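Report on the structure
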Amino acid sequence: MTEVLAWWQDTWTPIRAFIDAGGPVLWALLPLTVLLWTLILERFWYLGFRHGRVLSAYRAEWMGRAERESWEARRIREAMVSQARDLLDRSLPVIKSLIALCPLLGLLGTVTGMIEVFEVMSLRGTGDARGMAGGVSRATLPTMAGMVVALSGLFFANRLTRLADKRTHEFADSLRFH
């Protein structure tokens, strides 16, 4: 147990130092990042372990139908494909919204950091380079963090969208009419 606590402290200390250096906006970005990656990992878990079973149940239901060529049967097939796609897309709108929100929070950090620079300049003039540098640092870290989270999330969100498209087309092709 003490090894786990030591590992946690060794891991958390640099993360906390980074967040503290970036200011309060990074504390707001942290739970959004955790939520974003939880949703992304859940979608990959669903694709890897659960969705195949769902498709198999739909296929078995389709193949168990005596009649598969009528207008009604085609509508049932379309409904099955649509339901399968809805299950694939379940968290994607939230993931995409979080991806869009992360750079905006980073920009908010830029604004708050620049306000700090302007406060230093108004109180001490332009001679306090160290005070101004602290504000510039506080301005750039949230921007960088927001962009890194958004770009990495965007990569995986696009991957999830492509996988959903591919799996939906494969599933639709597997439901034969005759």
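To be clear, the structure that these remarks concern was listed above.
Since this is a predicted model, take the numbers as computed values, not measurements.

The subject of this paragraph is the environment of Gln83. Structurally, Gln83 can be placed in helix H3 (residues 71–88). Within the structure, the side chain of Gln83 is placed 2.9 Å from the side chain of Tyr58, a separation counted as a polar contact.

A few words on the side chain of Arg43. Mapping Arg43 onto the fold places it in helix H2 (residues 24–63). In this structure, Arg43 is in contact with Leu87, Leu88, Asp89, Arg90, Ser91, Ile95 and Leu160, ignoring residues within four places of it in sequence.

On to the environment of Asp173. Position of Asp173 relative to the elements: it lies in helix H5 (residues 129–174). Look at Asp173 and you get exposed, because its relative accessible area is 54%. Measuring from C-alpha to C-alpha, the distance between Asp173 and Arg16 comes to 50 Å, with 157 residues separating the pair along the chain.

Turning our attention to the pattern of salt bridges. Oppositely charged side chains may form a pair once their charged atoms are brought near each other. In this structure the tally under the stated criterion is 6 salt bridges. Residue Glu78 pairs with Arg75 through a salt bridge whose shortest N-O separation is 2.6 Å. Note that Glu78 and Arg75 are positioned in helix H3 at a spacing of 3 residues, about one turn of the helix. In this structure, the salt-bridge partner of Asp165 is Arg85, at a minimum N-O distance of 2.5 Å. Of this pair, Asp165 sits in helix H5 while Arg85 sits in helix H3, placing them 80 residues apart in sequence. Take Asp165: its relative accessible area is 30%, and that puts it in the partly exposed class.

Helix length check: H2, at 40 residues, gives a terminal C-alpha distance of 57 Å against a target of 58 Å (1.5 Å per residue), a fit within 8%. Roughly 50° is the biggest bend found in H2, and it falls at Arg50.

Scanning the model with the defined rule gives 6 aromatic pairs in all. On the numbers, 5.3 Å between centres and 75° between planes, the contact of Trp37 with Phe156 is edge-to-face. Of the two residues, Trp37 is situated in helix H2 and Phe156 in helix H5; the sequence distance between them amounts to 119 residues. Given a relative accessible area of 30%, Phe156 falls into the partly exposed group. Taken together, a centroid distance of 6.2 Å and an interplanar angle of 40° make the contact between Trp45 and Phe49 tilted. On the criterion of helical spacing, the pair formed by Trp45 and Phe49 is a turn pair, its members being 4 residues apart in helix H2. According to the relative accessible area criterion, Trp45 is partly exposed, its value standing at 48%. The exposed category is assigned to Phe49, whose relative accessible area is 53%. Site record: aromatic cluster; members linked through ring pairs are Trp37, Phe44, Phe155 and Phe156.

Scoring rules and cut-offs
Residues numbered from 1 in each chain as written. Predicted model: local features only at pLDDT ≥ 70, side-chain atom pairs only at ≥ 80, totals over all residues. Heavy atoms only, no water. Helix = DSSP H or I, 4+ residues; strand = E, 2+ residues; numbered from the N terminus. Polar contact = N/O pair within 3.5 Å; in protein donor to acceptor, adjacent residues only side chain to side chain. Contact = heavy atoms within 4.5 Å. Buried < 20%, exposed > 50% of the residue type's maximum accessible area, 1.4 Å probe, protein only. Salt bridge = Lys/Arg side-chain N within 4 Å of Asp/Glu carboxyl O. Expected span 1.5 Å × (residues − 1). Bend = angle between axes of the 7 residues up to and from the residue. Phe/Tyr/Trp six-rings, centres within 6.5 Å; stacked < 30°, edge-to-face > 60°.

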